[in-house]
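Residues per chain, in single letters:
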Amino acid sequence: NGSLVCQKRYGDCKDMASILHWMMKLAGVKSHFTWIGTRDLPYQYSELPTPNVDNHMITTYYHNEKPLFLDATGRYATINYPTSMIQGKEALVAIDDQNFKIEKVPVIAADKNQLYDSVGYTLQNSEIVGSGIALMTGYQKVFQNYVLEGLTAEKQSKVVNSLFQKGNNKFNIETFDILNLESKIKPLTFNYSFKLQDYVNEIDNEIYINLNLDRSLLNQTIDLEKRKLPIEHEYLYEDTFVSYFKLPDGVTTSFIPETAAFDHEKFGFSIHYETTESYIKQHKSIYVNTLLLNREDFKPWNEMINQLNDAYREAIILKT
């Protein structure tokens, strides 16, 4: 029971569900023990009404008749986010000693799991120097919290450098701050400054620079001959990268790539550019809107990746 779990100060999912249930009862809030299968199991109760369907236990709370699935094993999960491993599964909710109800756990929409990374940079002596701010919400924040939890400043620096690496392996984070690591409501926020060497090519009076400093999903095509099984994603997501390249003095724009985009029900991307007299802005978004890539999705996925790879090769040309 809950008191025993509290005395031991540890437990598995059944223990965690039990202590949460009894704590809510002491607070005068009604909750329900709930059996569920994680996405490791491909079964639903409506298809296979046996204990083989479940390998996990949680607690369910009804708010205005809407079920909220409380998984105490998810340290950073909020009340509106079930743990990612039970998304889309059927839950067997114990209403009382004699009655049960099957509820469907929602799949959290991609726009609730966002990475938004905005940077501004320029050229200084053929070296890129800039700063950025990145925000993470939903499962992107949850999973990054687990990575950063308990790390020393030195190890945090290595994680941040890897997380926001841009351009090539000579990218280096100079300074950084991490905000809202302990908050369950506010976005996980990174403020950082960086330098990038040996990234710009200069030929005669022309400067070639690729504004695709971030290259998510680069070369992530699927081998259609070897891959027979579907590919699982942990959660739906949207990544947005916005960059402002400040034009150096005495430099004009000679070539800007055209807009590139691929739009599919389950995945896609867009990259477009805007120019002013003082800067060039690139806006890039990538989304994955499915938990499972089936074999019939492999070909359009490869089409998207090939188009994305082509767009990543496009550079702007400046004249001095």
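For the structure itself, consult the block above.
Residues numbered from 1 in each chain as written. Predicted model: local features only at pLDDT ≥ 70, side-chain atom pairs only at ≥ 80, totals over all residues. Heavy atoms only, no water.

> Any details on a nonpolar patch on the surface? Residues and values, ideally.
On the surface, Tyr116, Ile133 and Leu135 cluster together into a nonpolar patch covering about 220 Å² of accessible area. Relative to the helices and strands, Ile133 is located in strand β7 (residues 127–136). When its relative accessible area of 36% is taken as the criterion, Ile133 is described as partly exposed. (Patch = residues over 30% accessible without salt bridge, like charges linked within 9 Å, V, L, I, M, F, W, Y side chains within 5 Å. Areas by Shrake-Rupley, 256 points an atom, 1.4 Å probe, with all protein chains shown as cover. Salt bridge = Lys/Arg side-chain N within 4 Å of Asp/Glu carboxyl O. Helix = DSSP H or I, 4+ residues; strand = E, 2+ residues; numbered from the N terminus. Buried < 20%, exposed > 50% of the residue type's maximum accessible area, 1.4 Å probe, protein only.)

> I'd love a proper account of the pattern of salt bridges, names of residues and values included.
Side chains bearing opposite charge may pair, as long as their charged atoms lie close to each other. Evaluated as defined, the whole model comprises nine salt bridges. Notably, a salt bridge pairs Glu232 with Arg39, separated by 2.8 Å at the nearest N-O pair. Within this pair, whereas Glu232 is found in strand β12 (residues 231–232), its partner Arg39 is found in the loop between β1 (32–36) and β2 (56–63), the two being separated by 193 residues in sequence. With a shortest N-O distance of 3.1 Å, Asp214 and Lys166 are connected by a salt bridge. One end of the pair, Asp214, is in the loop between β11 (206–209) and β12; the other, Lys166, is in the loop between α4 (153–163) and β8 (171–179), and 48 residues separate them in sequence. Assessed through its relative accessible area of 1%, Lys166 is described here as buried. Members of the salt-bridge network, linked through shared partners, are Asp117, Lys166 and Asp214.

> Which residues make up α4, and what are the values?
Burial in α4 covers these residues: Gln156, Val159, Val160 and Asn161. The elements touched by buried residues of α4 are α3 (138–148), β8 and β9 (188–196). (Contact = heavy atoms within 4.5 Å.)

> I'd love a proper account of the side chain of Lys266, names of residues and values included.
Inspection of the secondary structure puts Lys266 in the loop between β15 (260–263) and β16 (267–275). At a separation of 3.0 Å, a polar atom in the side chain of Lys266 contacts the side chain of Asp297. (Polar contact = N/O pair within 3.5 Å; in protein donor to acceptor, adjacent residues only side chain to side chain.)

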